[in-house]
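Residue strings, one per chain:
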Amino acid sequence: MTNKSWVFAAAFATSLSMAGAASAQNSNFEGFYVGGQAGWSIVEADGSITGVGTFDDDGDGLGGGGFIGYGGTNGILYGSIEAELGWDGADWSGTVLGTPAEVETRLTGGVSFRVGAVVADNLLLYGRIGWVRTNAEATHISISTQDENFDGLRGGAGVEGKFGNVGIRGQYTYTDYDDPDIPGWVIDAEQHLFRVGVAYYF
């Protein structure tokens, strides 16, 4: 098992144990929830195009989507499992040895686990760890347009406030993507994602 798999498995077990051991005390953050989110994506990429040259630059853009999850508490401790699906609008365009090239991220989705503490009845602080897959399109005049998926380990932290059945969150995540298998391209990508979201708790 890879190091990333061990981290993912540990986060999964921790979140399940916290959610499963929810205390009799009613917490504002327990139960199922759905929501939407939007934010700014910054992708740092470096790599090369076979027979052309290398590149090293950042791309950014606005993206958003939806999520669904389930959470529980054990005392002040909190754990949840969450799935998300959305659109990542980061786009890089530049030149490689004087010829135009572009990499654009598009559909993205994944599963993650939030582990944290309910520091007040209506305030949650949490860390996040999970797996994400993001589709990207790479274009260069020397080769045909290539479409491939990037898999990555995502971690970060956030804060969420609860107002009745509505939760409002803000969070930052960092994603380390594995190198994809795109013919003619070698790409090493990392992502910084700043998002805000609104959740409805049932």
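This text gives an overview of the structure that appears in the document.

Across its full length, the protein carries one helix and nine strands. Order of helices (α) and strands (β) in the protein, N terminus to C terminus: α-β-β-β-β-β-β-β-β-β. Once local pairs closer than 6 in sequence are excluded, the contacts in the protein between residues at least 24 apart make up 65%. Carbon and sulfur atoms form 62% of the exposed surface of the protein, whose accessible area is close to 9500 Å².

Turning our attention to the nonpolar core. Formed by 13 residues in total, the largest nonpolar core has its most connected members in Val43, Trp92, Val103, Phe150, Tyr177, Ile187 and Ala189. Every element with two or more residues in this core is listed here: strand S1 (31-49), strand S5 (99-120), strand S6 (123-140) and strand S9 (185-201). The element that contributes the greatest number of residues to this core is S6, accounting for three residues. With residues near it in sequence (within four places) discarded, Ala189 still touches Val43, Glu44, Ala45, Phe150, Thr175, Asp176 and Tyr177. Formed by nine residues, the second largest nonpolar core is a distinct cluster that contains Phe29, Tyr78, Leu124 and Tyr201.

Let's shift gears to a nonpolar patch on the surface. A grouping of Phe32, Val34, Ile68, Tyr70, Phe163, Val166, Ile168, Val198, Tyr200 and Phe202 is seen on the molecular surface, where their side chains present a nonpolar patch of about 980 Å² in accessible area. When residues of the nonpolar patch are traced back to their parent elements, those giving at least two are S1, strand S2 (53-74), strand S8 (166-177) and S9.

Two measures describe an aromatic ring pair: the distance that separates the ring centres and the angle between the ring planes. Inspection of the entire model under this criterion finds eight aromatic pairs. An angle of 85° between the planes, with centres 6.0 Å apart, marks the rings of Phe29 and Tyr201 as edge-to-face. Separated by 172 residues along the polypeptide, Phe29 in the loop between helix H1 (3-20) and S1 and Tyr201 in strand S9 bring together distant segments of the chain. Exposure class is identical for Phe29 and Tyr201. Each is buried. The interplanar angle of 80° and the centroid separation of 5.2 Å between the aromatic rings of Tyr200 and Phe202 together place this pair among those described as edge-to-face. Members of the aromatic cluster, each reached through a chain of ring pairs, are Phe29, Tyr33, Phe67, Tyr78 and Tyr201. In this structure, Arg114 is placed above the aromatic ring of Tyr126, and the distance from its NZ or CZ to the ring centre is 4.6 Å.

To continue, consider the side chain of Ser112. As for its position among the elements, Ser112 is in strand S5. Looking at Ser112, its side chain comes within polar contact range of the side chain of Arg128, at 2.4 Å. Those residues within four positions of Ser112 in sequence are excluded, and the remaining contacts are Ser80, Ile81, Glu82, Arg128, Ile129 and Gly130.

Along the chain, Pro100 falls in strand S5. Overall, the relative accessible area of 54% leaves Pro100 in the exposed class. The spatial distance from the C-alpha of Pro100 to the C-alpha of Thr139 is 8.5 Å, given a sequence separation of 39 residues.

Here we come to the side chain of Asp88. With respect to the helices and strands, the residue Asp88 is situated in the loop between strand S3 (77-87) and strand S4 (91-96). For Asp88, the side chain forms a polar contact with the side chain of Ser41, separated by 3.1 Å. There is a polar contact of 2.4 Å between the side chain of Asp88 and the side chain of Gln191. Non-local contacts of Asp88, meaning those with residues more than four positions away in its chain, are made with Ser41, Thr105, Arg106, Thr108 and Gln191.

The rules behind each value
Residues numbered from 1 in each chain as written. Predicted model: local features only at pLDDT ≥ 70, side-chain atom pairs only at ≥ 80, totals over all residues. Heavy atoms only, no water. Helix = DSSP H or I, 4+ residues; strand = E, 2+ residues; numbered from the N terminus. Contact = heavy atoms within 4.5 Å. Areas by Shrake-Rupley, 256 points an atom, 1.4 Å probe, with all protein chains shown as cover. Core = buried A, V, L, I, M, F, W, Y, C linked by side-chain atoms within 4.5 Å. Buried < 20%, exposed > 50% of the residue type's maximum accessible area, 1.4 Å probe, protein only. Patch = residues over 30% accessible without salt bridge, like charges linked within 9 Å, V, L, I, M, F, W, Y side chains within 5 Å. Salt bridge = Lys/Arg side-chain N within 4 Å of Asp/Glu carboxyl O. Phe/Tyr/Trp six-rings, centres within 6.5 Å; stacked < 30°, edge-to-face > 60°. Lys NZ or Arg CZ within 6 Å of the ring centre and 35° of its normal. Polar contact = N/O pair within 3.5 Å; in protein donor to acceptor, adjacent residues only side chain to side chain.

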